[in-house]
Amino acid sequence: MMLFMLLFSRQGKLRLQKWYMAYPDKVKKKITRELVTTILARKPKMCSFLEWKDCKIVYKRYASLYFCCAIEQNDNELLTLEIIHRYVELLDKYFGSVCELDIIFNFEKAYFILDELLIGGEIQETSKKNVLKAIASQDLLQEDETPQSFFDDHGLG
Amino acid sequence: MYPYYEQDWSVLPPENNRRFNPAFNMATIRQAFTEAVERVRMPTPTRLRDLIRQIRAARTAAEERAVVNKECAYIRSTFREEDSVWRCRNIAKLLYIHMLGYPAHFGQLECLKLTASTRFTDKRIGYLGAMLLLDERQDVHLLITNCLKNDLNSSTQFVVGLALCTLGAIASPEMARDLASEVERLMKSPNTYIRKKATLCAFRVIRRVPELMEIFLPATRSLLSEKNHGILITGVTLITEMCENSSDTLMHFKKDSGNREIVPNLVRILKNLILGGYSPEHDVSGVSDPFLQVKILRLLRILGHNDPDASEAMNDILAQVATNTETSKNVGNTILYETVLSIMDIRSEGGLRVLAVNILGRFLLNSDKNIRYVALNTLLRTVHADTSAVQRHRTTILECLKDPDVSIRRRAMELSFALINAQNIRTMTKELLLFLEKADAEFKAQCSSGMILAAERYSPTTRWHLDTQLSVLIAAGNYVRDDVVSSTIQLVSSSPVPEQTYITNRFWESLQVANHCEDKQPLLQVAVWAIGEYGDLFMYGANEDEFERPTESDLIAVYHKFLTSAQVSTTSKQYALVSLAKLSTRLQQCVEEIQALITSFGSHLNVDLQQRGVEFTQLFGHYKHLRPPLLEKMPAMQISRISSQNGESGGGSFDDNSPDVIENGVEGGGGGGGGVGGGHSLIESNMNTLGDNTNILLDLLGSTDLSAGGAGDLVAATDLSNAVHKKNSRNANDVAAPVSNNQDLLDLLDLDLSTPTSTTTGAPAGGGGVGGGGIGIGILALAGDNNQSSAANMNNMLGGLDLGGFGSGLDGSASIPTNGNDLASMLGGLGGVPAASAALTTPAAAGNLIDGGHAGSLLGDLNPTAASNNIVVPPQGPRLTALDRDGLLVQLVSVRGNDCMRIYMTTTNSSANTLEQYLLKAAVQRSFQLQMLTPSGSVLPPGGVITQEMRVVATSNATLRMRLRIQYVLDGQQQVEQTEVSGFPEQQPSAAEE
């Protein structure tokens, strides 16, 4: 089971955080800080895995963004890399060649996509098509309930 | 702040109600119109994207903070005004602010309000906020549980989906209990979108509350016969969790999971995936749904573990997966990795296992670091099952020790230790030493202890072993754990004489290297110990290896350097000082220099060093004649396995964590009158002080020496040896004990020096008429030397410090007392019973020794101090006699501890027979928990004592009764006694249970 997932930039700015374990806010911040520093300090040629506390950290860099997941001891590290990759593919399909700015300005969408891929830290859907379809239908639902003239104001803008 | 439209004008107060404004003229109309336009034009709060832009435009952290604070203040005000139109937007902004690290807890309740809204946008943002902002606080959780319950019943699948997703992310145990039945209902929904989400929710619910598993069992039946991959993968995940959680459920699934058995069913799904042909929807670079494949392989592993039939059923498919999977990409390797794990974990065929190890061998050569890491990791897990297969990849593994990546190096190190055997120890050690030299600080401690352990187990020769030990000490420097120091000293002490000479010289050479004394203090400690102990061999013994010997003044100069250096730790100086004192009897010329150096410590700022200085100075002055016998060579120590406390090694390369046990050999009698081995008693008491696991090993070695007196003159020498403190190196507290231990010595010496007659052992009340003899108080070891360092070192020993010969010997007849059986046995030792050994634990038992007035003042003085810091004392409290038959007396003393009741069992043997293989078994009622610690021994000679501590934790208010079964072998006959004891003091249920 994935314990949490963090997205952060090369400058160490957090871009997304998804926690599947209940930690107090303080602990979350501490974990984030520690991991961001540790991972940013690692050289690009190093392997993507870290042993950290009682879990394993799997991370991968895509352009300027680091995707970092914590998994349990008996989880498959290589598969976690595939999950990260799948998520990136989904973002890419949704935004159309995704970049860091897309995720900054549409962070809620990034969360929605992740929530269609994973639940409770486990994969719920292995078909990209199905995930994107679900997201598209929900976006449509959101648009439908917002009258066109008011959309600019009523939506998140 | 109002939005630009007001829904109901009429409810506004008249002054705001422009529709019915009494001052209805052109001016007011114009004003109202302008206001309305104004409101329409700038009515809304900042948009989310605008806020993000603003924040990103901030050039300094202060600027950013200002923007955020302003926005937060604004958002708070809208929350206060119960604005519902813009709540959604404001929460979204707050979530962004939260991600930047600013506090956002004030948005928690607003999130809940959003989730209760009817608009989907509101719900979507509301649940997102709930997942990000809520912690497991009870009050908020109750509210969200209600929201979730409503939405789980919604007719819109996406609303249900949102609720399930939220539940999956933040389910607390209470929520899990409250909503489990809803989730179970949704698991049976015909809608696959809802069904897969509900299945994972069930997984999460079980995670939080395993007892709820029962509810979901029926619903899992049909999951595996679905076609939809979403349902399949979530179903497999749920079943895996259930099987891992309870063996009953595992059996349930093996026997019956709907229409088909589970293993063939999974095999079928897997086979369809591999052979089913290309399916674009689930294809990942040529592999069909690797996510599902991996999950199935993992479940197969659990099902096949220790189950030959199930393993048989999956052998073929595992072989197929292992051979048919494309390995050019990460995906393929992902599946192979999982397959290998499964093959290794089930009862697979031999050929399959070879295949698996070969896959790992290929992984090791892969250019991708991740694959190499995984290979090392997996080899470590399989090495114990199939060492020879892994041995083939040894060179590759050793190569990984040089990898720049710390994750890989760590794995490689652990694996290397697992691969060491008697054949490859030399080459492996060479490689590991190279690694150790360059390793990061975090590795050094673990690596050095691991190497010492391996060397101990497989070393081909003593010399090689000694050399390795030295190399490790040099390479690991100050990172060496204390266990390495003590094990090296033991090793040297038990080596043959030429080796001792050799290694002492090697130590001496290593000390010549610059910086060694500061950076490698453990080496320094061992080196000075060896030089002090074997100084005579080193300087004047046989020189087989033809090394160059230093001059005595060189030697002293080096000691002078250490002892005055500020970089050398107090512990090292303690070693050096004792070593120097020993050297004074082994060197031939430089005794004055040594004396001067030691005397200078008489005014040292450190109390321990000062004490040593003062005490040793006495040996150069008035009691000069005592120096040689006192500073005799230590007896060879028996080697005991060092244990390692390595919290960080997950690989299980070390076996035990038991406290070290060192037994001291009995020092043979020194004198001409025929050496008589003393009775030697080993007191071993494990004590837990204040919850820390301080293991204190206390050796009270009472040995009696019959030394060079006349025929009638008896020298009763009580060797009060080492109260050895051995603590787990983790423990830092217990500062007082070592200090007062040293106090013991001081007391002893004071006592001896000032009032020799009264201390003469064996001088009974009427101590007159004593002939010339000697009293040797052989203090074999002074324990607890380390005031500063938390890890007390048992090896800091003062070999054979004998204070004797005060001309107050005893008449032979008068000296043999007729009292206390313990003492009798000890003096029986004097009479030539070398085997007499008595184990003492309690001061009460020790008190027996004193009772006879024999050595009264000496032991009397010693015992209270010793007791106060070393021995677990249960003197108060009722003493229950469990058994008193044929001279065998078993008594129990109970003491109430913080969290448990400690019961000390003392068995004494006053019969004339020796009881062997003594074993005490105890049973208590079910409402108590009993823990028995290791007994002090298993052999009861006449007069012998065995002690054992038991701990009882009460889980209810019952009265403790204990059934004891006592077994021993008498004259080759097994004897069993059974008895029941009650009448223990009342024990409250422990706090932990309440």
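- The name given to chain B in an unreviewed UniProt entry is AP-1 complex subunit gamma, with Drosophila gunungcola as the source organism.
- In its Sequence similarities (unreviewed entry) section, UniProt records this for chain B: "Belongs to the adaptor complexes large subunit family."

- An unreviewed UniProt entry lists chain A under the name AP complex subunit sigma, with Drosophila melanogaster as the source organism.
- The record in UniProt for chain A states the following under Subunit (unreviewed entry): "Adaptor protein complex 1 (AP-1) is a heterotetramer composed of two large adaptins (gamma-type subunit AP1G1 and beta-type subunit AP1B1), a medium adaptin (mu-type subunit AP1M1 or AP1M2) and a small adaptin (sigma-type subunit AP1S1 or AP1S2 or AP1S3)."
- UniProt annotates chain A under Sequence similarities (unreviewed entry) with the comment "Belongs to the adaptor complexes small subunit family."

Some remarks on the overall build of chain B
Phase 1 of the analysis: Looking only at helices and strands, chain B features 41 helices and 16 strands.
Phase 2 of the analysis: Buried positions account for 58% of the 994 residues belonging to chain B.
Phase 3 of the analysis: Across chain B, every contact between residues at least 6 apart in sequence was considered, and the portion connecting residues at least 24 apart equals 69%.

Overview of the sheet that holds strand β4 (residues 55-62) of chain A
All names here are of chain A.
Phase 1 of the analysis: Reading across from one edge, β2-β1-β5-β4-β3 is the order of the five strands in this open sheet, with antiparallel pairing throughout. The open sheet has two free edges, formed respectively by β2 (14-19) and β3 (49-52), since each of these has just one partner strand. Each strand axis lies, on average, 20 degrees off the axis of its neighbour in the sheet, ignoring direction.
Phase 2 of the analysis: Direction of pairing for β3 relative to β4: antiparallel, over a ladder of four bridges.

Observations regarding the interface of chain B and chain A
Phase 1 of the analysis: With 77 residues of chain B at the interface, the matching set in chain A holds 71 residues.
Phase 2 of the analysis: Across the interface of chain B and chain A, roughly 6,800 Å² is buried in total on both sides, 54% from carbon and sulfur atoms.
Phase 3 of the analysis: In this structure, Arg411(B) and Glu51(A) form a salt bridge, with 2.5 Å as the shortest nitrogen-oxygen distance.
Phase 4 of the analysis: At the boundary of chain B with chain A, the tally comes to 28 residue pairs in polar contact (both at pLDDT 80 or more).

Here's the deal with the sheet that holds strand β12 (residues 915-924) of chain B
Remark on secondary structure: sheet strands pair via backbone hydrogen bonds, oriented parallel or antiparallel.
Residue and element names in this part refer to chain B.
Phase 1 of the analysis: Taking strand neighbours across the sheet as the criterion, the three strands line up as β12-β15-β16 in an open arrangement whose pairing is antiparallel. Of all the strands in the sheet, just β12 and β16 (973-982) have a single pairing partner and so form its edges. Neighbour-to-neighbour, the strand axes of the sheet open up by a mean angle of 15 degrees, direction not taken into account.
Phase 2 of the analysis: Bridge count for β12 against strand β15 (residues 961-970) is eight bridges, and the pairing is antiparallel. When the bridges of β15 are listed, Leu-915 appears paired with Leu-970.

Observations regarding the packing of helix α17 (residues 330-345) of chain B against helix α18 (residues 350-364) of chain B
Residue and element names in this part refer to chain B.
Phase 1 of the analysis: Axis separation between α17 and α18 bottoms out at 9 Å; the angle between their running directions is 140 degrees. On the basis of the axis angle, α17 is oblique to α18. The hand of the α17/α18 crossing is left-handed. Residues Asn-333, Leu-336, Tyr-337, Val-340, Ile-343 and Met-344 of α17 touch α18, and the partners they reach there are Leu-352, Arg-353, Ala-356, Val-357, Ile-359, Leu-360 and Phe-363.
Phase 2 of the analysis: A per-class count over the contact of α17 with α18 returns eleven nonpolar, one polar and one charged.

Observations concerning the pairing of strand β14 (residues 945-954) of chain B
Residue and element names in this part refer to chain B.
Phase 1 of the analysis: Across the ten residues of β14, ten count as buried, placing the element largely inside the fold.
Phase 2 of the analysis: Side-chain alternation along β14 places Val-945, Thr-947, Glu-949, Arg-951 and Val-953 on one buried face and Ile-946, Gln-948, Met-950, Val-952 and Ala-954 on a second face that is also buried.
Phase 3 of the analysis: Where strand β11 (residues 901-909) and β14 come together, eight bridges link them in antiparallel fashion. By the bridge assignment, Met-905 is partnered in β14 with Gln-948.
Phase 4 of the analysis: Relative to β14, strand β13 (residues 928-932) runs antiparallel, the two being bridged by five bridges.

Quick look at a negative patch on the surface
All names here are of chain B.
Phase 1 of the analysis: A surface patch of like charges, here negative, comprises Asp-309, Glu-312, Asp-316 and Glu-349.
Phase 2 of the analysis: Inspection of the secondary structure puts Glu-349 in the loop between α17 and α18.
Phase 3 of the analysis: Judged by its relative accessible area of 43%, Glu-349 falls in the partly exposed class.

Let's talk about the confidence of the model for chain B
Residue and element names in this part refer to chain B.
Phase 1 of the analysis: Of all residues in chain B, 70% attain a pLDDT of 70 or more, and the chain-wide mean is 73.
Phase 2 of the analysis: Across chain B, helix α10 (residues 192-208) holds the top mean pLDDT of 95, while strand β3 (residues 701-703) sits lowest at 32.
Phase 3 of the analysis: This model gives residues 642-875 a pLDDT under 50, and the stretch forms 497 contacts once residues within four places in sequence are excluded.

Describing the layout of surface pockets
Phase 1 of the analysis: In this structure, the second largest pocket occupies an estimated 550 Å³ of space.
Phase 2 of the analysis: Lining the second largest pocket are 28 residues, with Ser48(A), Lys60(A), Leu81(A), Asp368(B) and Asn370(B) sitting closest to its centre.
Phase 3 of the analysis: Only β4 and α2 (77-95) of chain A together with β1 (283-284), α17 and α19 (369-382) of chain B provide two or more residues apiece to the lining of the second largest pocket.
Phase 4 of the analysis: For the lining of the second largest pocket, the element with the highest residue contribution is α2(A), accounting for five residues.
Phase 5 of the analysis: Per-class residue counts for the lining of the second largest pocket are ten nonpolar, five polar and 13 charged.

Some thoughts on the side chain of Asn377(B)
Phase 1 of the analysis: Along the polypeptide, Asn377(B) turns up in helix α19.
Phase 2 of the analysis: Under the relative-accessibility criterion, Asn377(B) is labelled buried at 10%.
Phase 3 of the analysis: Excluding anything up to four places from it in sequence, Asn377(B) contacts Glu77(A) and Arg411(B).

Concerning the pairing of β2(A)
All names here are of chain A.
Phase 1 of the analysis: Counting buried residues in β2 gives six out of six residues, a clear majority hidden from the surface.
Phase 2 of the analysis: Relative to β2, strand β1 (residues 2-9) runs antiparallel, the two sharing five bridges. Bridging from a neighbouring strand, Leu-6 pairs with Gln-17 of β2.

Notes on the nonpolar core
Phase 1 of the analysis: Ranked by size, the top nonpolar core spans 279 residues in total, and within it Tyr87(A), Phe216(B), Met314(B) and Phe507(B) carry the most contacts.
Phase 2 of the analysis: Setting aside residues no more than four positions away along its own chain, Tyr87(A) makes contact with Met5(A), Leu7(A), Leu16(A), Phe67(A), Ala110(A), Tyr111(A), Ile113(A), Leu114(A) and Leu117(A).
Phase 3 of the analysis: Counting 27 residues, the second largest nonpolar core, distinct from the first, contains Ala922(B), Leu960(B), Leu964(B) and Ile966(B).

Observations concerning the pattern of salt bridges
Residues and elements named next belong to chain B.
Phase 1 of the analysis: Taken as a whole and judged by the stated rule, the model has 48 salt bridges over all chains.
Phase 2 of the analysis: Arg-506 is the partner of Asp-467 in a salt bridge, and the nearest nitrogen-oxygen pair spans 2.7 Å. With Asp-467 in helix α25 (residues 462-476) and Arg-506 in helix α27 (residues 497-512), this residue pair connects regions lying 39 residues apart in the sequence.
Phase 3 of the analysis: One continuous salt-bridge network, built from bridges that share partners, spans Glu-82, Arg-87, Glu-110 and Lys-113.

Observations regarding the environment of Ser328(B)
All names here are of chain B.
Phase 1 of the analysis: Within the secondary structure layout, Ser-328 lies in the loop between α16 (308-324) and α17.
Phase 2 of the analysis: Given a relative accessible area of 57%, Ser-328 falls into the exposed group.
Phase 3 of the analysis: Each C-alpha atom of the pair Ser-328 and Ser-285 lies 9.7 Å from the other, and the pair is 43 residues apart in sequence.
Phase 4 of the analysis: Among the polar contacts listed, one links the side chain of Ser-328 to the side chain of Glu-326, at a separation of 2.6 Å.

Some words on helix α26 (residues 482-493) of chain B
All names here are of chain B.
Phase 1 of the analysis: A rise of 1.5 Å per residue sets the reference length of α26, with its twelve residues, at 16 Å; its end C-alpha atoms lie 17 Å apart and thus fit the reference within 8%.
Phase 2 of the analysis: Most of α26 is tucked away, with eleven of its twelve residues classed as buried.
Phase 3 of the analysis: Buried within α26 are the following residues: Asp-483, Val-484, Val-485, Ser-486, Ser-487, Thr-488, Ile-489, Gln-490, Leu-491, Val-492 and Ser-493.

How each quantity is defined
- Residue indices begin from 1 for each chain and proceed along its sequence in written order.
- Labels follow written order: the first chain is A, the first ligand is 1, and so on.
- With the structure being a predicted model, the display of local features is reserved for residues of pLDDT at least 70 and the display and counting of side-chain atom pairs for 80 or more, all residues being used for whole-chain, interface and lining totals.
- Derived side-chain values reflect all non-hydrogen atoms in the structure, with water molecules and hydrogen atoms excluded from consideration.
- UniProt positions are given in the numbering used here, feature names are shortened, and annotations may be inferred rather than shown by experiment.
- Strands here mean DSSP runs of E at least two residues long; helices mean DSSP runs of H or I at least four residues long; both are numbered from the N terminus.
- Relative accessibility under 20% of the residue-type maximum defines a buried residue, over 50% an exposed one, and the middle range a partly exposed one, all with a 1.4 Å probe and only protein chains included.
- Contacts: residue pairs with any heavy atoms within 4.5 Å of one another.
- Pairing between strands is defined by DSSP: at least two bridges between the two strands are required.
- Between N-to-C directions, angles span 0 to 180 degrees; the directions come from axes that are lines fitted to C-alpha atoms, helices contributing only their stretch in contact.
- By definition, the buried area sums, over both parts, the 1.4 Å-probe accessible area that each loses when the two are put together.
- Any Lys or Arg side-chain nitrogen found within 4 Å of a carboxyl oxygen on Asp or Glu counts as a salt bridge.
- What qualifies as a polar contact is a pair of N or O atoms within 3.5 Å, subject to a donor-acceptor requirement within protein and to the restriction that residues adjacent in sequence count only when both atoms come from side chains.
- In what follows, roughly perpendicular refers to angles from 65 to 115 degrees, roughly parallel to angles under 35, roughly antiparallel to angles over 145, and oblique to any angle outside these ranges.
- In this scheme the handedness of a crossing depends on how the near helix is turned from the far one: anticlockwise by less than a right angle means left-handed, clockwise means right-handed.
- Polar here means any residue outside two lists: the nonpolar Ala, Val, Leu, Ile, Met, Phe, Trp, Tyr, Cys and Pro, and the charged Asp, Glu, Lys and Arg; Gly therefore counts as polar.
- Any residue with relative accessible area above 30% and no salt bridge may belong to a patch, with like charges joined within 9 Å and the nonpolar Val, Leu, Ile, Met, Phe, Trp and Tyr side chains within 5 Å.
- Working definition of accessibility: Shrake-Rupley area with a 1.4 Å probe, residue cover restricted to the visible protein chains.
- When charges are counted, Lys and Arg contribute as positive and Asp and Glu as negative, whereas His and the chain ends are disregarded.
- By convention, the charge on Lys lies at NZ, on Arg at CZ, on Asp at CG and on Glu at CD.
- Confidence per residue, as judged by the predictor, is encoded in pLDDT with a range of 0 to 100.
- Both cavities and pockets are sets of points on a 1 Å grid over the protein atoms alone; in a cavity a 1.4 Å probe fits but cannot get out, in a pocket the set is open with protein on both sides within 12 Å along at least five of seven lines, and lining residues sit with an atom within 4 Å of a point.
- Grid points are joined across faces, edges and corners, and a volume is the space filled by probe spheres set on the points.
- By convention a nonpolar core is built from buried Ala, Val, Leu, Ile, Met, Phe, Trp, Tyr and Cys residues, the set being connected through side-chain atoms within 4.5 Å.
- Any helix carries an expected span of 1.5 Å times its number of residues minus one.

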